[in-house]
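# Geometric and topological summary
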Amino acid sequence: MSVGVKDMHDNRPGLPLQAPAEERARALYQVLKDKGVATDGFVEGWQKVFEEDFSPRRGAELVARAWTDPDFRDLLLSDGTAAVGQYGYLGPQGEYIVALEDSASVKHVVTCTLCSCTAWPILGLPPTWYKSFEYRARICREPRKVLAEMGTVIPADVAIKVYDTTAETRYMVLPVRPAGTEGWSAEQLAQIVTKDCLIGVALPKAG
Amino acid sequence: MDGIHDLAGMQGFGRVDHIADADVGGPFHHDWEAIGYGGIFLGVEQGIFSIDEVRHAVERLEPLYYLMTPYYERYVVGVASLLVEKGVLTQEELVQATGKPFPLARPALSQGRAPRMDRTIFAVGDRVRVQDDHFAGHVRYPAYCRGKVGTVTHRTGAQWPFPDAIGHGRNDGGSEPTLHVEFAAADLWGDDTDAAAVIVDLFESYLEPA
């Protein structure tokens with residue numbers, strides 16, 4: 001059983017008396033504004049960037065380009081930062097990029113066991129499950145089982161390598177281009193590359 | 001620090017609550033959730049603290065509180081804790097704003113430390129051992145690789161301040177590259193693993209020749 005955090009309310013047994021999270025968060029922001037430390041709209045401005053600019057659609061575009069342009073693929077693998085920079089997609093929590101190329105014998109999976117680091121600008125902010133204690137505890141030890149539970153069965157003859165994001169490198173997975181996509185345009189290919197494919201817990205599917 | 005946040009490899013956790021490619025919505029499920037992250041950018045832009053200090057503040061939450069508190073809330077409390085510690089605001093001001101207690105992170109157990117002066121410069125292919133220490137401050141190596149031997153697969157072309165220093169607000173962290181070190185999963189977890197390898201991104205000062 002998971003801890004069930006989402007079902008808990010404030011003033012849960014074991015926690016100190018405190019106002020609900022939303023009240024404390026808004027109080028913090030208000031005190032900062034009252035003191036002139038934060039300007040009106042500061043958080044809302046960043047929220048817009050988080051929600052609208054940082055997106056796995058960018059990562060999908062990079063994958064599709066690498067699948068259709070061998071020179072770009074080589075650059076993405078040898079100097080991911082330069083490749084992503086060509087698109088203007090570098091940014092906070094995405095300043096030094098390394099792409100991990102899957103093959104017929106190796107599958108890559110990304111985690112941040114210490115907290116939540118992710119390549120924000122090209123993958124988007126990390127989803128709740130990626131930050132969960134279950135994923136952080138288990139993925140670096142039993143990734144094959146965790147992926148299978150999520151519906152992604154990796155063949156037994158494919159080795160799984162787990163990248164733990166513990167410093168400033170930010171990773172994206174370059175999955176194997178699936179059979180059945182011959183002749184597809186880069187735009188069509190990008191549509192089958194999901195956020196979960198870029199993290200490495202899903203495989204792109206042709207149909 | 002050997003903190004509650006360092007969860008990797010712990011046994012007994014259940015399924016990850018997600019099916020691959022299922023729709024999970026946007027990054028925030030409530031508008032207030034952006035305040036923690038917004039507070040990080042505010043503090044960093046104004047030179048009040050570093051992101052590493054925020055990481056350390058969250059790691060300093062009382063362990064039971066950490067486990068029982070959802071992600072974005074942990075960042076709201078971490079940012080608030082640092083702002084109080086830095087004298088930007090007071091806990092009393094936060095309490096007055098809600099009319100209820102506003103719990104904060106526990107104090108740091110350490111003053112931090114500078115990187116080692118005698119670090120070895122490593123290259124791709126080198127065998128390295130992660131230093132076997134139990135420093136009580138902020139570090140960015142997970143406990144599972146401590147003392148373990150692996151192979152360098154990448155040396156970063158960029159450098160960053162040493163987290164054990166900048167995570168405590170110190171300015172003697174210098175800057176150094178990190179190395180991607182590949183460990184055979186069996187060397188980390190014995191025969192209780194289905195991974196082939198785990199690759200950890202490690203500051204050079206954490207490493208010794210193997």
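Because the structure is a prediction, the values reported are computed rather than measured. Here the residue numbers are simple positions, counted from 1 along each chain's written sequence. Written order determines the labels here, with chains lettered from A and ligands numbered from 1. Thresholds applied to this predicted model are a pLDDT of at least 70 for local features of residues and 80 or more for the giving and counting of side-chain atom pairs; totals over whole chains, interfaces and linings are not thresholded and use all residues. Hydrogens and waters are ignored; side-chain quantities use all the structure's heavy atoms.

In this section: the interface of chain A and chain B. In what follows, a contact means two residues having at least one pair of non-hydrogen atoms within 4.5 Å. Facing the 82 residues of chain A at the interface are 86 residues of chain B. Accessible area that two parts lose when put together, with a 1.4 Å probe and added across both, is what the buried area reports. Regarding the contact of chain A and chain B, the summed buried area is about 7,600 Å², with carbon and sulfur atoms giving 63% of it. A pairing counts as a salt bridge when a side-chain nitrogen of Lys or Arg comes within 4 Å of a carboxyl oxygen of Asp or Glu. Applying the counting rule to chain A against chain B returns 7 salt bridges. Residue Asp192 of chain B pairs with Arg141 of chain A through a salt bridge whose shortest N-O separation is 2.9 Å. What qualifies as a polar contact is a pair of N or O atoms within 3.5 Å, subject to a donor-acceptor requirement within protein and to the restriction that residues adjacent in sequence count only when both atoms come from side chains. The tally of links between chain A and chain B comes to 41 residue pairs in polar contact (both at pLDDT 80 or more). By definition, any uninterrupted DSSP run of H or I lasting at least four residues is a helix, any uninterrupted run of E lasting at least two residues is a strand, and each is numbered from the N terminus. Elements with a minimum of two residues in the side of chain A that touches chain B: α1 (21-34), α2 (42-53), α7 (133-138), α8 (143-149), β3 (159-164) and β4 (170-174) of chain A. The greatest single-element share of the side of chain A that touches chain B, amounting to 11 residues, is contributed by α1 of chain A. Along the lines of polarity and charge, the residues of the side of chain A that touches chain B split into 46 nonpolar, 12 polar and 24 charged. By the bridge criterion, 4 bridges tie β3 of chain A to strand β4 (residues 197-203) of chain B in an arrangement that is parallel. Note on β4 of chain B: the bridge partner recorded for Tyr163 of chain A is Ile199 of chain B. We call Asp, Glu, Lys and Arg charged. Ala, Val, Leu, Ile, Met, Phe, Trp, Tyr, Cys and Pro are nonpolar, and the rest, Gly among them, are polar. At least two bridges found by DSSP between two strands is the condition for calling them paired.

With that settled, consider the pairing of strand β3 (residues 178-184) of chain B. If a strand is regular, its side chains alternate between the two faces of the sheet. Residues and elements named next belong to chain B. For every residue, the accessible area (1.4 Å probe, protein chains only) is compared with the maximum for its type, and the residue is labelled buried under 20%, exposed over 50%, or partly exposed between those bounds. Within β3, 5 of the 7 residues are buried, which leaves it mostly tucked inside the rest of the structure. Pairing analysis gives 4 bridges linking strand β2 (residues 149-155) to β3, with the strands arranged antiparallel. Note that in β3 the partner of Val152 across the bridge is Val181. Of the strand pairs in this sheet, β3 and β4 are connected by 7 bridges, and their pairing is antiparallel. Within β4, the residue paired with His180 across the bridge is Asp201.

What follows is about the UniProt feature "binding site: Fe(3+)" (unreviewed entry) in chain A. All names here are of chain A. As annotated in UniProt, the feature "binding site: Fe(3+)" (unreviewed entry) corresponds to Cys112, Cys115, Ser116 and Cys117 in the numbering used here. With respect to the helices, strands and loops of the structure, Cys112 is situated in the loop between β2 (106-111) and α6 (120-123). Cys112 gets classed as buried once you look at its relative accessible area, which sits at 2%. Those residues within four positions of Cys112 in sequence are excluded, and the remaining contacts are Cys117, Tyr130, Arg136, Asp164 and Thr165. On the secondary structure map, Ser116 appears in the loop between β2 and α6. On the basis of relative accessible area, Ser116 is assigned to the buried category, the value being 6%. UniProt positions are given in the numbering used here, feature names are shortened, and annotations may be inferred rather than shown by experiment.

All names here are of chain B. For the structure on display, the rule yields 28 salt bridges over all chains. When the shortest N-O distance is used, the salt bridge between Glu85 and Arg60 registers 2.9 Å. Placement of the pair is Glu85 in helix α4 (residues 71-85) and Arg60 in the loop between α2 (51-59) and α3 (63-68), with a sequence separation of 25 residues. We classify Glu85 as partly exposed; its relative accessible area is 44%. Between Arg116 and Glu208 there is a salt bridge, and its shortest N-O distance comes to 3.4 Å.

With that settled, the discussion passes to the nonpolar core. Among buried residues, the Ala, Val, Leu, Ile, Met, Phe, Trp, Tyr and Cys ones that are joined through side-chain atoms within 4.5 Å form a nonpolar core. By size, the foremost hydrophobic cluster in this structure holds 130 residues, and its most contacted members are Leu28, Tyr135 and Met172 of chain A together with Leu202 of chain B. Per-element tally for this core: the top contributor is α4 of chain B, with 9 residues. If we ignore the near neighbours within four places in the chain, the residues touching Tyr135 of chain A are Val109, Val110, Thr111, Trp129, Tyr130, Val146, Ile199 and Val201 of chain A together with Val16 of chain B.

The UniProt record annotates "domain: Nitrile hydratase beta subunit-like N-terminal" (unreviewed entry) at residues 1-98 of chain B. Its end C-alpha atoms 32 Å apart, residues 1-98 of chain B is made of 51% helix and 0% strand.

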